[in-house]
Amino acid sequence: MSNIKVIGLGPGNPELFLKPAIDAIKEADVVIGYKYYFQFIQCYLAEGTECIDTGMRQEVERAKIAFEKAEAGQRVAVISSGDAGIYGMASLILEMADKRQSSIPVEVVPGISAFQAAAAKLGAPLSHDFVILSLSDLLTPWKLIEKRMKAAAMGDFVTVLYNPRSKKRYWQLYRLQELFLEERSLSTPVAVLRQVEREEEHITLTTLGEFDPEIVDMFSIVVIGNSQSYVSNNKFITPRGYYSKYEQEGAPGPLIMQESFRTIAGQLADLDISHEEKWVMMHCIHTTADFEMKQLLRVKNEAVARMNEYLLNGGTIITDVTMVQSGIRKKACERYGINVKCYLHDERTVALAQEKNITRTQAGIRLAIEEHPDALYVFGNAPTALIELTELMRRKDFQPAGVIGAPVGFVNVEESKHRLMTFKNLPYISIEGRKGGSNLAATIVNAVLSRDEAVTLKPGRDV
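Below is a short write-up of the structure. (Residues numbered from 1 in each chain as written. Predicted model: local features only at pLDDT ≥ 70, side-chain atom pairs only at ≥ 80, totals over all residues. Heavy atoms only, no water.)

The subject of this paragraph is the sheet that holds strand β3 (residues 50-54). One open sheet holds the five strands; their spatial order is β3-β2-β4-β1-β5, and the pairing between them is parallel. Each edge of the open sheet is held by one strand with a lone partner, namely β3 and β5 (106-109). Direction aside, the axes of adjacent strands within the sheet are offset by 20 degrees on average. Bridge count for strand β1 (residues 3-8) against strand β4 (residues 75-80) is six bridges, and the pairing is parallel. Counted as the bridge partner of V6 is V78 from β4. Contacting β1, β2 (30-34), β3 and β4, helix α2 (residues 59-71) crosses the sheet at an angle of about 175 degrees to β2. Its contacts with the sheet put helix α3 (residues 90-100) on β1, β4 and β5, and the angle it makes with β5 is roughly 170 degrees. (Pairing = 2+ DSSP bridges. Helix = DSSP H or I, 4+ residues; strand = E, 2+ residues; numbered from the N terminus. Axes fitted to C-alpha atoms, helices over the stretch in contact; angles between N-to-C directions. Contact = heavy atoms within 4.5 Å.)

Further remarks concern the packing of aromatic side chains. For the structure shown, the criterion picks out nine aromatic pairs. Consider the rings of F17 and Y44, whose centres lie 5.8 Å apart with planes at 50 degrees: the pair is tilted. In this pair, F17 sits in the loop between β1 and α1 (19-27) while Y44 sits in the loop between β2 and β3, placing the two residues 27 residues apart along the sequence. On the basis of relative accessibility, which here comes to 7%, the residue F17 falls in the buried class. Ring centres 5.1 Å apart and planes at 70 degrees place the aromatic pair W142 and W171 in the edge-to-face group. You can see W142 sitting in helix α5 (residues 142-154) and its partner W171 sitting in the loop between β8 (158-162) and α6 (172-181), a full 29 residues away along the chain. Here the aromatic cluster, defined as three or more aromatic residues joined through ring pairs, consists of Y34, Y36, Y37 and F40. (Phe/Tyr/Trp six-rings, centres within 6.5 Å; stacked < 30°, edge-to-face > 60°. Buried < 20%, exposed > 50% of the residue type's maximum accessible area, 1.4 Å probe, protein only.)

What follows covers α5. Spanning 13 residues, α5 covers 18 Å between terminal C-alpha atoms, matching the ideal 18 Å at 1.5 Å per step. Of the positions making up α5, those classed as buried are W142, I145, E146, M149, A152 and A153. Buried residues of α5, viewed axially, fall in a sector of 120 degrees; they line one side. For α5, the exposed residues set more than 90 degrees away from the buried face come down to K143, K147 and M154. Buried residues along α5 sit against β7 (130-134), β8 and α6. Taken from the residues just after α5, D156 is the one with a positive phi, measuring 60 degrees. (Expected span 1.5 Å × (residues − 1). Arc of directions from axis to C-beta.)

This part takes up the pairing of strand β17 (residues 376-379). Where burial is concerned, the two faces of β17 agree: the one with L376 and V378 and the one with Y377 and F379 are both buried. Strand direction decides the pairing type here: β17 and strand β18 (residues 402-405), joined by four bridges, are parallel. By the bridge assignment, L376 is partnered in β18 with G402.

Our focus in this paragraph is the environment of S450. For S450, the location among the structural elements is in the segment after α18 (438-449). Given a relative accessible area of 1%, S450 falls into the buried group. Along the chain, S450 and S166 lie 284 residues apart, while their C-alpha atoms are 35 Å from each other. Side chain to side chain, S450 and W279 meet in a polar contact 3.1 Å long. (Polar contact = N/O pair within 3.5 Å; in protein donor to acceptor, adjacent residues only side chain to side chain.)

Attention now goes to the pattern of salt bridges. Across all of its chains, the model carries 25 salt bridges by this definition. Between K69 and E50 there is a salt bridge, with the nearest N and O atoms lying 3.3 Å from each other. In this pair, K69 sits in helix α2 while E50 sits in strand β3, placing the two residues 19 residues apart along the sequence. Classification of K69 by relative accessible area gives partly exposed; the value is 23%. On the accessibility criterion, E50 (30% relative accessible area) is partly exposed. With a shortest N-O distance of 3.0 Å, R348 and D346 are connected by a salt bridge. Residue class for D346 comes out partly exposed when judged on its relative accessible area of 22%. (Salt bridge = Lys/Arg side-chain N within 4 Å of Asp/Glu carboxyl O.)

Where a protein is soluble and globular, its nonpolar side chains tend to be buried together. I317, I328, I429 and I431 are the most contacted members of the largest nonpolar core, which has 44 residues in total. Per-element accounting of this core gives the leading share, eight residues, to α18. A375, F379, A385 and L426 belong to the second-largest nonpolar core, a separate cluster that totals 25 residues. (Core = buried A, V, L, I, M, F, W, Y, C linked by side-chain atoms within 4.5 Å.)

With that out of the way, let us pick up α18. An α-helical turn contains 3.6 residues, so a residue and the one three or four places further along point in the same direction. In this model, α18 (12 residues) spans 17 Å end to end at C-alpha, consistent with the 16 Å of a helix rising 1.5 Å per residue. Extensive coverage of α18 is indicated by the burial of 11 of its 12 residues.

Take the packing of α5 against α6 next. Two quantities define a packed helix pair, namely the angle between the axes and the distance from one axis to the other. Their axes nearest at 9 Å, the elements α5 and α6 cross at an angle of 30 degrees. Judged by the inter-axis angle, α5 sits roughly parallel to α6. The handedness of the crossing between α5 and α6 is right-handed. Only Q172, R175, L176, L179 and F180 of α6 make contact with α5, whose side of the interface consists of W142, E146, M149, K150, A152 and A153. Residue composition of the contact of α5 with α6, by class: seven nonpolar, one polar and three charged. (Parallel < 35°, antiparallel > 145°, perpendicular 65-115°, else oblique. Left-handed = near helix turned anticlockwise from the far one by under 90°. Nonpolar A, V, L, I, M, F, W, Y, C, P; charged D, E, K, R; others polar.)

The next thing to look at is the side chain of S134. Position of S134 relative to the elements: it lies in strand β7. Within polar-contact distance, the side chain of S134 engages the backbone nitrogen of S136 at 3.3 Å. Ignoring any residue separated from it by four or fewer positions in sequence, one finds S134 in contact with Y87, I145, Y162 and N163.

So, on to unusual backbone geometry. Despite not being glycine, E197 shows a phi value in the positive range, around 65 degrees. Considering the arrangement of structural elements, one finds E197 in the loop between β9 (189-194) and β10 (202-207). Taking relative accessible area as the criterion, E197 reaches 19% and is therefore assigned buried. A positive phi angle, near 55 degrees, is found at E302, a position not held by glycine. With respect to the helices and strands, the residue E302 is situated in the loop between β14 (297-300) and α11 (303-312). Relative accessible area serves as the criterion here: at 62%, E302 is assigned to the exposed category.

Next comes the structure, spelled out in structure tokens:
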């Protein structure tokens, strides 16, 4: 019985052909397709099968020939790469059947699409909601493509790009990168897969900030992660949400944080300060729910950039109390080799405090500067410890990598913070007045660690 079967061949490796596709090719009297694809199906063709190949962009001609052959009583196979229903021949064949009012049976035989093969190669980038976009404007107006790009970026979808670049169409990918950087962090993972599942296969893992569109061509697929995607052990992973649901013990999920930051950013829209300072301010407001932080936060001497550079090169953080230490993101510290120390419970601290009749936080700072004078010092509780540090800085003439001053309370708290302004080149961040606390001090450290996200003022995954 005559019919037309529109067959998806998969990404190019015959080992990934699905059995219904193989059977359909074996049963066909005529196989029609772009000439490049015939090399992959030679072993499945029955003796005497007629093969009709056409050049690039001859899709309509292929469809017409398919109906002519089927109407003459033959079994016709129309082949597409990937899945025939995804940027393939299926829609054109079905549309033509409708236009011709044809009674020829049409069956779509599924195949493995290139994005599925690419995802398997990368790990698990498509484990949450995703979008597939073609950047080809041959059949779709560019304005509509750009509209869809913006929607994908704003919706925080993992995004897969087909037809990403050609010799004549080279600037569109730069525009997409620009749009996505308005919504996602520089560290968002990006993968470029060229000739996936073919002999020439090559995979590049990079980030949205480092992504170079020049390495992309028409044989490439580009995968852009969402705000939760990350790379670990060379695997591109987009969390489904299981760990945040079952293991974070009720902590607010990343998407809630994003919504909170969006609300805060709206309240700070008219504030004329740098993105880096605003980024720290947003973290402080998110932690305290206190918009008075707009008046209290001080960021001096390029503090965010200088502290960030120090830490990302494997620096040391000294905290006055263990609560500050516990609030600093451990994954970031492990990733960058950051050492976080608190001397409060060190046996030497206890002995020194007794010997000198000083507080343990003061004694801990004295020990810390002997071992780590160039560390980043973070205070979230004890003004006496901050005063001790500033006194020793003047007496011993040294300068640490930076100071975060957020002690809280009523006695000597304001005075301890005022001392920081006397050091003209010291990178410091402080919370003026009596407000502060260990959670706020740790939050400021975390904001510094995620400095790259200050470009968009939108939090990505846990740094």
